[in-house]
Amino acid sequence: MKAASSALFLEFSLLCEKLSSTSSNSEKVRLLASYLRNLESEDLGIAVDFLLGRASRVRSSEGRANVAFATVRDALCQVVTFSDDQLLQLYKEHGDLGEVAMELLSSGHAAPLVRGQLTLKRIRDGMDDIASAQGSGSEKRKVMTLTGLLLDSSPLEAKYLIKILTSDMRIGVSEGFIAEAAAEAFSVGKEAVRKAYLLVNDMSKVAVMAKEGRLSDAGFSLFTPIRPMLAEPASSARQIIDDMGRCYVEDKYDGIRLQVHKKGGEVRLYSRAMDDVTRFFPEIVEQISRLNEDFALDGELIYEAGGRLRFFSLQKLLRNEGRREKHPLKFVAFDALYAKGRSLLDLPLVERKRELFALGYDNCAPFKEVSAPEDLERAFKDSIARGNEGIVAKDPESTYQPGARGKRWFKLKKALDTLDVVVIGAQYGNGKRKGLLSDYVFAVRRSRDDPTLVPIGKAYSGLTDEELRDYHDFFMRNKIGEKGNTVWVLPRLVIEVGFQSIQRSARYESGYALRFPRIISVRADKKLDEIDDLQRVEDLFKAQG
DNA sequence: GCTGATGCGTC
DNA sequence: GTCGGAC
DNA sequence: GTCCGACGACGCATCAGC
């Protein structure tokens, strides 16, 4: 008898099948709980990671394996024969690489006579191998390892193998359900599991803690980031006041969310996804390490010069390790999570602000208390005038709720600009939008006198499923060509797109692109000669300052 | 050494 | 970041 | 209220292939 036995991957795959075919939340929890209950600790950790599409633990906190379409295609090539056309066709039909793999394997070209048995641990080892591949030849190595696993996979197992590897599970299960299931499986309180998760921030660890009765070990600790609290979008100052009454308001900066932990001489910076980004921003480390106290702060990293380009300037630095030049970076702190040796998460904002300002850090975000819509409105205008995105309004009595987008923090952003554009193409969707033209490419006129259409962006967001289905048929009737994933259509459908701002772009012929585009309405009343032109785009771009 | 494809993380 | 859909 | 999935633009790192 082998000591290192491990749960079968086939059972895991069957569970996933059941999960994806049920829409009932309670049924999902029940299925998960009865599966998780019988796993020993190591398998439990792996199973939770896999359920969340987290392939490996090496190299990346988010479990990414640096594998997507191309690598999977190359591995499948080793196992089954198919043409490029076939593959694209299948992908178009299924909108999901895992399902494509299942389909290809079940056509039965290459099933070996004897298949090794796949266990969770064996898959995890393979995933680790793939994720840790680096340097010259790493692509080949990834393909080889994946091929090895595929050779031992039944079609169903291949489906989930690929889904995990590409972090593309789509089984309707995420952290929330796992938390509930772990509570049920190991007979512990749901709240205890949730609370541990907010602090430990790793569902696979939390599940194991629940199993082993160690949930109470969880506590806030320095150098373990927590999920940042989020703000709910609001449509007006009045709505915010109606919901919260009195609130604290501060500017919404166009930067990068940052959590700063300091203990003694050690300073660590964490991004919104809780990746350690310390190495990219030495300026901030230097500023923070001058301070005396130990603490954890929440705030926004901003670029102080560059006008409209502030966010882009930051983005350039984000992966740029070991640079020599200095940049005008500033960490604006707006919350304190930990100070004086204790967690502040359960204190109301009023007191957290007090603790924050008591640290003597000179870049705390200024804030004001308001209780009238007009005052909030004024704060909003002032913020825009300072070149910021809008405001965030917070309930002074609220505790810090990690990861929550509740009605305790609201954000109010600048009103959208809009353009009337015409749809010139549409792309096939993935997952639940498989086989559906679900992403529209649109264009403006070159000028008032020149009706040539120049592409400027893509959008789907804003349409309902029903509308997508209707326009799918419309586009198929107006199809004039097809290339890759895109169907080109006669320019007949005029839509109004909203966006946050306009960017220079090499991606589109127009030379511009839209930030956060969405479809506001379909302008069936408008004709092709009524859409906006490039001149207007340029005007809007310049007006941004 | 350069270029294009690919992957990933920020908003 | 955005949004719609389902519970 | 909350969770989930289907999507936008950008820029950088990495690797394959020339």
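Predicted, not measured: the structure shown is a model, and the values here were computed from it.

A. Layout of the protein's contact with DNA strand B. Contacts to DNA strand B come from 21 residues, most closely from Asn66, Ala68, Arg257, Ser271 and Ala273. Sugar plus phosphate: this is where 86% of the atoms of DNA strand B within 4 Å of the protein reside. The separation between a base nitrogen of DNA strand B and a polar side-chain atom of Gln315 is 3.0 Å. Elements with a contribution of two residues or more to the surface near DNA strand B: helix H4 (69-79), strand E3 (256-263) and helix H15 (310-318).

B. Layout of the pattern of salt bridges. For the structure shown, the criterion picks out 46 salt bridges. The residue Arg268 makes a salt bridge to Glu266 at a minimum N-O spacing of 3.3 Å. Put simply, Asp96, Lys163, Asp168 and Arg170 are held in one network by salt bridges that share partners.

C. Here's a closer look at the protein's contact with DNA strand C. Around DNA strand C there are 13 residues in total, and Ser23, Arg272, Ser461, Asp465 and Arg518 lie nearest to it. When atoms of DNA strand C within 4 Å of the protein are split into backbone and base, the sugar-phosphate part holds 97%. Contact between DNA strand C and Arg272: a phosphate oxygen at 2.2 Å from a side-chain N or O atom of the residue. Within the backbone of Asp465, an N or O atom sits 3.0 Å from a phosphate oxygen of DNA strand C. Across the surface near DNA strand C, the residue classes break down as two nonpolar, five polar and six charged.

D. Spatial organisation of the sheet that holds strand E8 (residues 368-370). Spatially, the five strands line up as an open sheet ordered E1-E10-E9-E2-E8, and their pairing is mixed. Each having just a single partner strand, strand E1 (232-233) and E8 make up the two edges of the open sheet. Relative to strand E10 (residues 409-413), strand E9 (residues 390-394) runs antiparallel, the two being bridged by five bridges. Across the sheet, Ala393 pairs through a bridge with Phe410, a residue of E10. This element, helix H16 (residues 349-358), spans strand E2 (247-252), E9 and E10 of the sheet and lies at about 55° to E2.

E. Focus on the packing of aromatic side chains. Scanning the model with the defined rule gives 16 aromatic pairs in all. Relative to Phe281, the ring of Phe280 lies with its centre 6.3 Å away and its plane at 80°, an arrangement referred to as edge-to-face. Judged by relative accessible area, Phe280 falls into the buried class, the value being 5%. Taking the centre distance of 4.9 Å and the plane angle of 80° together, the rings of Tyr440 and Phe475 count as edge-to-face.

F. Quick peek at unusual backbone geometry. In this structure, Arg170 takes a positive phi of about 50° despite not being glycine. Of note, Arg170 is situated in the loop between helix H9 (155-165) and helix H10 (175-185). Arg170 sits in the partly exposed class, given a relative accessible area of 37%.

G. Geometry of helix H7 (residues 120-132). Look at H7: 18 Å from first C-alpha to last across 13 residues, which is about the 18 Å you get at 1.5 Å a residue. Residues Leu120, Lys121, Ile123, Arg124, Gly126, Met127, Ile130 and Ala131 constitute the buried set of H7. Turning to H7, the residues buried within the fold contact helix H1 (9-21), helix H2 (25-36), helix H3 (41-51), helix H8 (138-151) and H9.

H. Region of the structure containing the pairing of strand E15 (residues 486-489). Where strand E11 (residues 417-428) meets E15, three bridges bridge the pair, whose relative direction is antiparallel. Each residue of the ladder has a partner; that of Gly425, found in E15, is Trp488. Two strands pair when backbone bridges link them, and strand E14 (residues 479-483) and E15 are joined in this way by four bridges, in the antiparallel orientation. Directly across from Lys483, in E15, lies its bridge partner Thr486. Counted along the chain from E14 to the antiparallel partner E15, the turn is two residues long, and its residue Gly484 has a positive phi close to 60°.

I. Structural context of H8. An ideal rise of 1.5 Å per residue puts 20 Å on 14 residues; H8 measures up with 20 Å between its terminal C-alpha atoms. Among the residues of H8, Ser138, Lys142, Val143, Thr145, Leu146, Thr147, Leu149 and Leu150 are the ones counted as buried. Buried residues along H8 sit against H4, helix H6 (97-106), H7 and H9.

J. Region of interest: the side chain of Thr145. Examined against the element boundaries, Thr145 turns out to sit in helix H8. At a separation of 2.8 Å, a polar atom in the side chain of Thr145 contacts the side chain of Asp129. Apart from residues no more than four positions distant in its own chain, Thr145 is found in contact with Gly126, Asp129 and Ile130.

K. Broad picture of the sheet that holds strand E7 (residues 342-343). The strand order E4-E3-E5-E6-E7 describes an open sheet built from five strands, whose pairing is antiparallel. For this open sheet the edge positions go to strand E4 (266-270) and E7, each flanked by a neighbour on one side alone. Strands in contact with helix H14 (residues 282-289) are E3, E4, strand E5 (295-303) and strand E6 (329-339); relative to E6, the strand with the most contacts, it is inclined by about 50°. Against the sheet, H16 touches E5, E6 and E7, its axis set at about 120° to E6.

L. Layout of the pairing of E4. Two strands pair when backbone bridges link them, and E3 and E4 are joined in this way by five bridges, in the antiparallel orientation. Residue pairing for E4: Lys263 is matched across the bridge by Glu266. Joining the antiparallel neighbours E3 and E4 is a turn of two residues, in which Gly264 adopts a positive phi near 60°.

M. Looking closely at the side chain of Asn478. One can find Asn478 in the loop between helix H18 (465-477) and E14. Within the structure, the side chain of Asn478 is placed 2.5 Å from the side chain of Arg492, a separation counted as a polar contact. Excluding residues that lie within four positions of it along the chain, Asn478 makes contacts with Trp488, Val489, Leu490 and Arg492.

The rules behind each value
- Once a new chain begins, its residue numbering starts again from 1 and follows that chain's sequence as written.
- Whichever chain is written first is A, and whichever ligand is written first is 1; the rest continue in order.
- At least 70 in pLDDT is required for a residue's local features to be given in this predicted model, at least 80 for side-chain atom pairs to be given and counted, and no such filter applies to totals for whole chains, interfaces and linings, which use all residues.
- Each side-chain value is derived from all of the structure's non-hydrogen atoms; neither hydrogens nor water enter the calculation.
- By convention in this text, a residue qualifies as near a molecule or strand provided that one of its non-hydrogen atoms is within 4 Å of it.
- In protein, a polar contact requires one atom able to donate a hydrogen and another able to accept it; more generally it is a pair of N or O atoms within 3.5 Å, and residues adjacent in sequence count only if both atoms are side-chain atoms.
- What counts as a helix is a DSSP run of H or I of at least four residues, what counts as a strand is a run of E of at least two, and both are numbered from the N terminus.
- One side-chain nitrogen of Lys or Arg within 4 Å of one carboxyl oxygen of Asp or Glu is enough to make a salt bridge.
- The classification used treats Ala, Val, Leu, Ile, Met, Phe, Trp, Tyr, Cys and Pro as nonpolar, Asp, Glu, Lys and Arg as charged, and all other residues, Gly among them, as polar.
- Paired strands, in this sense, are two strands between which DSSP finds at least two bridges.
- By definition, residues are in contact when any of their heavy atoms lie within 4.5 Å.
- For helices, the fitted axis covers only the stretch in contact; all axes are lines through C-alpha atoms, and the angles between them, taken along N-to-C directions, range from 0 to 180 degrees.
- Between the rings of Phe, Tyr and Trp (Trp by its six-membered ring), a pair exists once the centres lie within 6.5 Å; its type follows the angle of the planes, with under 30 degrees stacked, over 60 edge-to-face, and the other angles tilted.
- Accessibility here uses a 1.4 Å probe with only protein chains present; expressed as a share of the type maximum, an area under 20% marks a residue as buried, one over 50% as exposed, and anything in between as partly exposed.
- Take the number of residues in a helix, subtract one, and multiply by 1.5 Å to get its expected span.

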